[in-house]
Amino acid sequence: MTLSANIDGTASFPVRLRADESAVLLEIAQAAGSTLELHEVLDRVTEKTAMLTGADRCSLWLLDGTHDRLLPAAFYGIDPSFAARWKRKILAIKDERLSQEAISTGQPVVVQDAATDPRTDKGAVDFFGDKSILVVPLANKGRVIGTLFLNHISRPYWYSPQEIAVIQAIASQSAVAIENAQLYDESRRQRLELLASFRRIGDALAAGLDLSDTLRLVVELATEMLRATVGGLMLCREDGTIGETQWAPIDTAGHYKLSQHILDDLVSEVIRLDEPLYVADLYERWPDLLSKGPSAPLRTYVGVPLQVRGEVIGMLGVFHALPKRFSPVEIDLLASFGAQAAIAIDNARLFARLQRQVEELSAAAARNADLYNRLQFEKQRLDVIFQNSTDAIYMADRAARIVAFNPAAEQLSGWSTDEAIGTCDSDVFPNDLECLTSLHDATRAVLERSASHETVVETTILPRRGGRRHVAASYAYVPASEGEGPFALAVVRDVSQQKEVERLKSDFISMVSHELRTPLAVIKGYASTLLNSSLHLDVERQTRFIRGINDASDRLTRLIDNLLTGSRFESGRFKLSLQNVDLTEIVRKVVLSLRNGSTANVLRTSLPAETMMLRADRDQIEHVLINLVTNAIKYSADGGEITIGIRSETGPLAPVDLNKEDPATQRWAVLWVRDQGIGIPAHQVRFIFDKFYRGDSPAVKRVPGTGLGLYICKSIVEAHGGYIWVESQPGQGSTFYVALPQE
Amino acid sequence: MSQSILVIDDDPDICEIVRVNLEGAGYTVGIAADGAAGLAAAQTLQPDLIILDVLMPELDGWQVLEALEADPTMAGRPVIMVTCKGDDQDVLRGLSQGAVEYFTKPFFPENLVASVKILLDVFDASMRDHRRQQLIARRQRAIGANTTASTPS
């Protein structure tokens, strides 16, 4: 039913409305404009409209996004307990004919008699007791956003055209206020969402999210916030070129894949412009997308540059499958989000870099610790070598002052480490002046050449405690490191003993050669002479010559025996053939045979009357005795007396440095040979049984000998489990003792 | 009067052998049993030739040789070394110090007698010296040394 004018007798607007239309509108505008809270705006519009129009009930409904439903927004004049239920009511436009009409025509719909009008919802009319109903579309600039219901219950109401015009104006004013509030609400929602997004990014970063996770989160949030189909984030590479784009949601099916050149175009434009870029429809820009594009194309694009400290670091963009989807507000939103995201990304990158540095540092620290441990280990090993080396090791600085000194060096030099450190090596290892090079010279040479040449010197040093040591030193150059050095490292080996052995060997060879040649010369000389018929030798001479040959042969035989016995001891092939022998008898026999020889010395014996039985190798014991007696003869002047004796002893033998573990009941047969010869200096006594050893005095040197005799005696005696030792006074003579165990 | 020869050796058997062989060849032979006695006998006897051992008590052969060369009355008198020391170095040393012949033990007594005869009857002083230099050169070649006669090792 259309509006009827001038129907009197019905209810009418309050006086104020009639009196001043503009004042009414102002009041509505003020009421609506006093707040931006949507629900408050709605409540006030509803309330004011009801009060101004005198309607019993007023309700406001808003179209939802689909434009086919009306959602309850505000009520006035309904019992509050009922309003709550009513507020959950949703009107489908197709079922709500009044609203349908108002929205489709854009004009108010007047229902004079609700009970009979076919357009009304009879249930509601009955329930509320509605008499008349006015439905006004809420429209702003031709856009309908909802409907306003004015219900009269107590009596029917007839609206004048003027009143309807005023109510329309009210509705229009209200629509503006509501839209404003809605916009405000939306922007506030977006802002809140933005803040929430920032917080999520912040939380994610705080939770130690890595860069790629942060990027994905940024894209996800941007896509979500703008309700876009897909979003992408590109970070420039370090050289400023366009990098990989991170997509979200991850489009596994590849539906939305854009041609790389389109993406590149968009991205580079955003970067070039350095401000947001909005492309309402990509098809307009790239028409060929239609023909060649993927199955589910992307139409709208908005992208914003990501800036940090005035520098573009990338692009954040979102796409929508439908064209023209993003509003300027959303573009601004994305820009704000992009600005914040850029900072977050930068933070994440800095964090990642920091983390990488921390990792590198800790890795380096771990490596250092490892290295340190290994160095410690090496050092310990070197220390062990250094401390336990039998070679003296020392290190000297540029001034040849000693900086390291090992125990063997202490031993060799007679200097303690404390004394040696800081002292010049020429003081610690003074040189025998007979030697041309000193250790000190070598140290200097090594340090001057500044290189680790093979430097080996042999020289003789004079140890603190006296004497001389022959040493071979090898040098190494230790380069400067960490402000220390360079150093010369010397390994000094005491080769005195080696030298001595070499000397003994060479002496031995010339001695053997002499010892062999002399009897041989005698044999050959006599034999040649005997054969020389022109000499006409008489029988007496011939006999003498033959005896000479015989004696020389004996001498040769003894020498060869000694050499062979010595060599058997050396090779471990020496075997005793033990039998019961009478030592007294052996002595008698040997003395007798030596007396028969042409000796110029007096041989005496001091023998017990009874036998002295023991288990021994007769030949070897004879050998010992012959060696001792011929020695005594060799080192005695002509006519010197030599006494050979035997006695019996029980328990530990007199010389303390011999037997240690023999039982107190052990019985010994002691054989002794005393001479009145040159004697043995005290310092040589401990060497005389050594192989090849010969005294170095001229008195000894002029007596031929191999240096084997006493060594062989000692070996034979010890093979019998016995002992040999000597007591001697230089110039007065020596007594050699041989103790052999009796069972 | 026959030519006289002094034998200085501490080995009585060697002395006996040399003496018998030289006397058989007509020489007068004197014996000394050590270096010191040998040097004294040389000065007393003024022998025409000396036969000298090296390894001896008191003075050794080298010292005797040195003392003989240093003595103007003895210098240039032929000396024959008869010794066990047979190294090239030893031989060179003996020749360098003035010995004209060097026998290493064991030796053939006939060869020694022959050498004595040649040195005394055939060679004059300059020939002996020439012979000595030849022997030195030969030994030096043998040991490959550039040791000179005047600086024995």
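On a predicted model such as this, the values are computed, not experimentally measured, just so you know.

## Regarding the overall build of chain B
For step 1, the next point in the chain: When its secondary structure is counted, chain B shows 6 helices and 5 strands.
For step 2, the next point in the chain: Across chain B, helices and strands are ordered from the amino to the carboxyl terminus as β-α-β-α-β-α-β-α-β-α-α.
For step 3, the next point in the chain: Looking at chain B as a whole, 44% of its 153 residues qualify as buried.
For step 4, the next point in the chain: When contacts within chain B are restricted to residue pairs at least 6 apart in sequence, those whose partners lie at least 24 apart make up 63%.

## Description of the overall build of chain A
For step 1, the next point in the chain: Each helix and strand in chain A was counted, giving 23 helices and 23 strands.
For step 2, the next point in the chain: Taking all 743 residues of chain A together, 33% fall into the buried category.
For step 3, the next point in the chain: When contacts within chain A are restricted to residue pairs at least 6 apart in sequence, those whose partners lie at least 24 apart make up 62%.

## Regarding unusual backbone geometry
For step 1, the next point in the chain: In the segment running from Lys105(B) into Pro106(B), the intervening peptide bond is cis, with an omega of -5°.
For step 2, the next point in the chain: Looking at the element boundaries, Pro106(B) is found in the loop between β5 (101–104) and α5 (109–122).
For step 3, the next point in the chain: Backbone geometry at Asp274(A) places phi at a positive 60°, although glycine is not the residue there.
For step 4, the next point in the chain: Locating Asp274(A) in the fold gives a position in the loop between α9 (260–273) and β9 (277–279).
For step 5, the next point in the chain: With a phi angle near 50°, Arg309(A) is a residue other than glycine that sits in the positive phi range.
For step 6, the next point in the chain: Here Arg309(A) lies in the loop between β10 (300–308) and β11 (311–320).

## Comments concerning helix α20 (residues 618–634) of chain A
For step 1, the next point in the chain: Between its first and last C-alpha, α20(A) extends 24 Å over 17 residues, near the 24 Å set by a 1.5 Å rise per residue.
For step 2, the next point in the chain: Residues Gln620(A), Ile621(A), His623(A), Val624(A), Leu625(A), Asn627(A), Leu628(A), Val629(A), Asn631(A) and Ala632(A) constitute the buried set of α20(A).

## Let's talk about helix α5 (residues 97–105) of chain A
For step 1, the next point in the chain: All of the buried residues along α5(A) are Leu98(A), Ser99(A), Gln100(A), Ala102(A) and Ile103(A).
For step 2, the next point in the chain: Note on α5(A): the residue one or two positions beyond its end, Gly106(A), has a positive phi of about 75°.

## Focus: the sheet that holds strand β5 (residues 132–140) of chain A
Residue and element names in this part refer to chain A.
For step 1, the next point in the chain: Strand order in this open sheet of 6 strands is β3-β2-β1-β6-β5-β4, and the pairing throughout is antiparallel. Each end of this open sheet is capped by a strand with a single partner; those strands are β3 (91–92) and β4 (109–111).
For step 2, the next point in the chain: Pairing of strand β1 (residues 57–63) with strand β6 (residues 143–152) involves 6 bridges; the strand directions are antiparallel. Bridged to leucine 62 within β6 is glycine 146.
For step 3, the next point in the chain: Packed onto the sheet, helix α3 (residues 38–53) meets β1, β2 (69–76) and β6 and runs at close to 65° relative to β2.
For step 4, the next point in the chain: Packing of α5 onto the sheet brings it into contact with β1, β2, β3, β4, β5 and β6, and relative to β5 it is tilted by some 40°.

## Considerations on the interface of chain B and chain A
For step 1, the next point in the chain: The interface is formed by 16 residues belonging to chain B together with 18 residues belonging to chain A.
For step 2, the next point in the chain: When residues of the side of chain B that touches chain A are traced back to their parent elements, those giving at least two are α1 (12–24) and α5 of chain B.
For step 3, the next point in the chain: The residue inventory of the side of chain B that touches chain A, partitioned by class, reads 10 nonpolar, 2 polar and 4 charged.

## What to know about the packing of helix α2 (residues 35–45) of chain B against helix α3 (residues 61–70) of chain B
Residue and element names in this part refer to chain B.
For step 1, the next point in the chain: At their nearest, the axes of α2 and α3 sit 9 Å apart, and the two run at 25° to each other. Accordingly, the angle class assigned to the pair α2 and α3 is roughly parallel. Judged by the sense of rotation from one axis to the other, the crossing of α2 with α3 is right-handed. Contact with α2, carried on its side by Gly35, Gly38, Leu39 and Ala42, involves Gly61, Gln63, Val64, Ala67 and Leu68 of α3 and no other residues of that element.
For step 2, the next point in the chain: Among the residues forming the contact of α2 with α3, the class breakdown is 5 nonpolar, 4 polar and no charged.

## Examining the environment of Gln190(A)
For step 1, the next point in the chain: Positionally, Gln190(A) belongs in helix α7 (residues 161–206).
For step 2, the next point in the chain: A residue is classified by how many C-beta atoms lie within 10 Å of it, and Gln190(A), with 18 of them, is partly exposed.

## Quick notes on the sheet that holds strand β3 (residues 49–52) of chain B
All names here are of chain B.
For step 1, the next point in the chain: Strand order in the open sheet formed by 5 strands is β2-β1-β3-β4-β5, and the pairing between neighbours is parallel. Two strands close off the open sheet at either side, each with one partner strand: β2 (28–32) and β5. Going from strand to strand, the sheet's axes swing by 20° on average, the running direction of each strand aside.
For step 2, the next point in the chain: In this sheet, β5 lies alongside strand β4 (residues 79–83) in parallel orientation, the contact comprising 4 bridges. Looking across to β5, one finds that methionine 81 is bridged to tyrosine 102.
For step 3, the next point in the chain: Helix-sheet contacts for α1 involve β1 (4–8), β2 and β3, and the interaxial angle to β2 is about 170°.

## Considering the pairing of strand β16 (residues 487–494) of chain A
Residue and element names in this part refer to chain A.
For step 1, the next point in the chain: As paired elements, strand β12 (residues 392–396) and β16 share 5 bridges and run antiparallel to each other. Of the residues in β16, the one forming a bridge with tyrosine 394 is alanine 490.
For step 2, the next point in the chain: Across 8 bridges, strand β15 (residues 469–478) lies against β16 in antiparallel orientation. Each bridged residue has a counterpart across the sheet, and for alanine 473 the counterpart in β16 is valine 492.

## Thoughts on the nonpolar core
For step 1, the next point in the chain: Grouped together as the largest cluster of nonpolar side chains are 46 residues, with contacts concentrated most on Ile51(B), Val79(B), Ile80(B) and Met81(B).
For step 2, the next point in the chain: The element contributing the most residues to this core is α1(B), with 6 residues.
For step 3, the next point in the chain: Residues contacting Val79(B), with those up to four places away along its chain left out, are Ile50(B), Leu52(B), Leu65(B), Leu68(B), Gly98(B), Ala99(B) and Val100(B).
For step 4, the next point in the chain: Ala114(A), Ala139(A), Leu148(A) and Phe149(A) belong to the second largest nonpolar core, which has 45 residues in total.

## Some thoughts on the confidence of the model for chain B
Residue and element names in this part refer to chain B.
For step 1, the next point in the chain: Summary statistics for chain B give a mean pLDDT of 85 and a share of 93% for residues scoring 70 or more.
For step 2, the next point in the chain: Contacts for the low-pLDDT stretch residues 146–153, under 50 throughout, to residues beyond four places or in other chains number 10 contacts.
For step 3, the next point in the chain: Quick note on the complex model: pTM equals 0.46, ipTM equals 0.86.

## Remarks on the packing of helix α17 (residues 496–531) of chain A against α1(B)
For step 1, the next point in the chain: As a packed pair, α17(A) and α1(B) sit with axes 9 Å apart at the nearest point and diverge in direction by 25°. In terms of orientation, α17(A) and α1(B) fall into the roughly parallel class. Crossing handedness for the pair α17(A) and α1(B): left-handed. In this structure, α17(A) uses Ala521(A), Val522(A), Gly525(A), Tyr526(A) and Thr529(A) to contact α1(B), whose residues at the interface are Asp13(B), Ile14(B), Ile17(B), Val20(B) and Asn21(B).
For step 2, the next point in the chain: A per-class count over the contact of α17(A) with α1(B) returns 6 nonpolar, 3 polar and 1 charged.

## A short note on the pairing of β2(A)
Residues and elements named next belong to chain A.
For step 1, the next point in the chain: When β1 meets β2, the two strands line up antiparallel, connected through 6 bridges. Bridge pairing in β2 places leucine 62 opposite leucine 71.
For step 2, the next point in the chain: What sits between the antiparallel neighbours β1 and β2 is a turn of 5 residues, in which histidine 67 has the positive phi angle 60°.
For step 3, the next point in the chain: By the bridge criterion, 2 bridges tie β2 to β3 in an arrangement that is antiparallel.

## What to know about the confidence of the model for chain A
All names here are of chain A.
For step 1, the next point in the chain: Mean pLDDT over chain A: 81, with 90% of residues reaching 70 or higher.
For step 2, the next point in the chain: Between the elements of chain A, mean pLDDT differs from a low of 48, seen in helix α1 (residues 15–19), to a high of 92, seen in β12.
For step 3, the next point in the chain: Here residues 1–11 is modelled with pLDDT under 50, and outside its nearest four sequence neighbours on either side it reaches 18 contacts, counting other chains as well.

Rules and cut-offs
Residues numbered from 1 in each chain as written. Chains lettered and ligands numbered in written order. Predicted model: local features only at pLDDT ≥ 70, side-chain atom pairs only at ≥ 80, totals over all residues. Helix = DSSP H or I, 4+ residues; strand = E, 2+ residues; numbered from the N terminus. Buried ≥ 20, exposed ≤ 12 C-beta atoms within 10 Å, placed from the backbone. Contact = placed C-beta atoms within 7 Å. Expected span 1.5 Å × (residues − 1). Pairing = 2+ DSSP bridges. Axes fitted to C-alpha atoms, helices over the stretch in contact; angles between N-to-C directions. Nonpolar A, V, L, I, M, F, W, Y, C, P; charged D, E, K, R; others polar. Parallel < 35°, antiparallel > 145°, perpendicular 65-115°, else oblique. Left-handed = near helix turned anticlockwise from the far one by under 90°. Core = buried A, V, L, I, M, F, W, Y, C linked by C-beta atoms within 7 Å. pLDDT = per-residue confidence, 0-100.

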